[in-house]
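Descriptive analysis of the structure
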Amino acid sequence: MYADDHRDKLVPNADGFSGGGWVRGWLQTPQEATNVNFLKAPDGLLWNYNQSLGIYKCPADKSTASIGGKRYPRVRSISMNGNMNGNSWYTAIIQKRFFTFRKYGEILRPSPAQAFVFLDEHPDSIDDGYFLVFLDRRQLWANLPANYHNGACGFSFADGHAEIRKWKDPDTLATKIPPNPKGPIDVPWTQVRTSAPIDPATPFPP
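Predicted, not measured: the structure shown is a model, and the values here were computed from it.

Secondary structure summary: the protein contains five helices and nine strands in total. Secondary structure elements of the protein, listed N to C terminal, follow the sequence α-β-α-β-β-β-β-α-β-β-β-β-α-α. Radius of gyration (C-alpha) of the protein: 16 Å, near the 17 Å computed for a compact globule of 206 residues. Dimensions of the protein along its principal axes, counting C-alpha atoms only, are 55 × 40 × 30 Å. The proportion of buried residues among the 206 residues of the protein is 48%. The distance from the centre of the 23 positive side-chain charges to the centre of the 20 negative ones in the protein is 3 Å.

Structure representation (structure tokens):
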């Protein structure tokens, strides 16, 4: 609906340093992690299309933030694929090799049914609304998806359908993120649903 109202342009998806994303708020900061106003208009650019706070947080996410010695639930567990109109330090590195989709009509490889938009992000990984997937690095996670659905994670795709992905690798299934987490099975699965090489003859890292 946002693209329909904005000449096919996807909603902006900036990282926490660039600003101007589909939501505001740095979830590693307690005051921002618990502030619903960062989800609402005018900061939340999708708010006018569905004014429900519940869609921004999975009920399975039990993470909290401490303010004044009290624990409060975070307001968001959802992040957006950084290659969906993303703007970050990484975008500049890969933009000549992998697609960063600026308009809905550009999502051709992979198709809208194979390109994820939103996912649940791991509570220890989530910060801004931008979910970073390394496309030029072998089996290495950047941000980490959630695993609190009995070792699985929810994804929504550009054609409107949703899927549950059951993770395979130990680092992806970890409760606490290990240093330099790897996913020999899970990272490649996610990469091909994040973007596609501009040159089809140039594959993802094996």
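Further notes follow.
Our focus in this paragraph is the nonpolar core. With 20 residues, the main nonpolar core has Tyr90, Phe116, Leu119, Leu135, Phe155 and Trp167 as its most contacted residues. For this core, the secondary-structure elements that each account for two or more residues are helix 3 (89-94), strand 6 (116-120), strand 7 (130-131), strand 8 (152-157) and helix 5 (186-191). Here this core takes three residues from strand 8, the largest share from any one element. Apart from residues no more than four positions distant in its own chain, phenylalanine 116 is found in contact with Asn81, Met84, Phe131, Val133, Phe155, Ser156, Phe157, Thr190, Arg193 and Thr194.

Residue position: asparagine 81 is located in strand 4 (residues 78-81). Among the polar contacts listed, one links the side chain of asparagine 81 to the backbone nitrogen of asparagine 83, at a separation of 2.8 Å. Those residues in contact with asparagine 81 that sit more than four places away from it in its chain are Asn13, Phe116, Val117, Phe131, Arg193 and Thr194.

Another point: the pairing of strand 6. Burial of strand 6 is extensive: four of the five residues sit out of reach of the surface. In this structure, strand 4 lies alongside strand 6, joined through three bridges in antiparallel fashion. Along strand 6, the bridge assignment pairs methionine 80 with phenylalanine 118.

Okay, the environment of threonine 172 next. By the secondary structure assignment, threonine 172 is in helix 4 (residues 170-173). Taking C-alpha positions, threonine 172 is 8.9 Å from valine 187, a pair spaced 15 residues apart along the chain. For threonine 172, the contacting residues outside a window of four places in its chain are Trp141, Pro145, Asn147, Trp167, Lys182, Gly183 and Asp186. At 2.9 Å, the side chain of threonine 172 and the side chain of aspartate 186 are in polar contact.

We now examine the sheet that holds strand 6. Pairing is mixed in the open sheet, where five strands are placed in the order 7-4-6-8-9. In the strand order of this sheet, the two ends are held by strand 7 and strand 9 (162-166), each with one partner.

What follows covers unusual backbone geometry. Residues other than glycine predominantly adopt negative phi, and peptide bonds predominantly adopt the trans conformation. Residues alanine 41 and proline 42 are joined by a peptide bond in cis, for which omega reads 5 degrees. A cis amide bond, omega -5 degrees, links arginine 109 with the succeeding residue proline 110. Along the chain, proline 110 turns up in the loop between helix 3 and strand 6. Within the chain, glutamine 139 stands out as a residue other than glycine whose phi angle is a positive 60 degrees. Relative to the helices and strands, glutamine 139 is located in the loop between strand 7 and strand 8. The class of glutamine 139 is buried, set by a relative accessible area of 17%.

Thresholds, definitions, all that
The numbers attached to residues start from 1 for each chain and follow its sequence in the written order. In keeping with the model being predicted, local features are shown solely for residues with a pLDDT of at least 70 and side-chain atom pairs are shown and tallied solely at 80 or more, while totals for entire chains, interfaces and linings include all residues. Water and hydrogen atoms were dropped before computing side-chain values, which therefore reflect all heavy atoms in the structure. Strands here are runs of E lasting at least two residues and helices are runs of H or I lasting at least four, both read from the DSSP assignment and numbered beginning at the N terminus. Radius of gyration here uses only the C-alpha atoms, and the compact-globule reference equals 2.2 Å multiplied by the residue count raised to the power 0.38. Each residue is assigned to one of three classes by its accessible area relative to the maximum for its type, calculated with a 1.4 Å probe on protein chains only: buried under 20%, partly exposed between the two thresholds, exposed over 50%. Charge convention: Lys and Arg are scored as positive, Asp and Glu as negative, and His as well as the terminal groups of each chain are ignored. In plain terms, the charge of a residue is placed at NZ if it is Lys, CZ if Arg, CG if Asp and CD if Glu. Residue types Ala, Val, Leu, Ile, Met, Phe, Trp, Tyr and Cys, when buried and joined through side-chain atoms within 4.5 Å, form a set referred to as a nonpolar core. Two residues qualify as a contact provided that any one of their heavy atoms is within 4.5 Å of a heavy atom in the partner residue. Nitrogen and oxygen atoms within 3.5 Å of one another constitute a polar contact, given that in protein one can donate a hydrogen and the other can accept it, and given that sequence-neighbouring residues count only through two side-chain atoms. In this scheme, strands are said to pair when DSSP sees at least two bridges between them.

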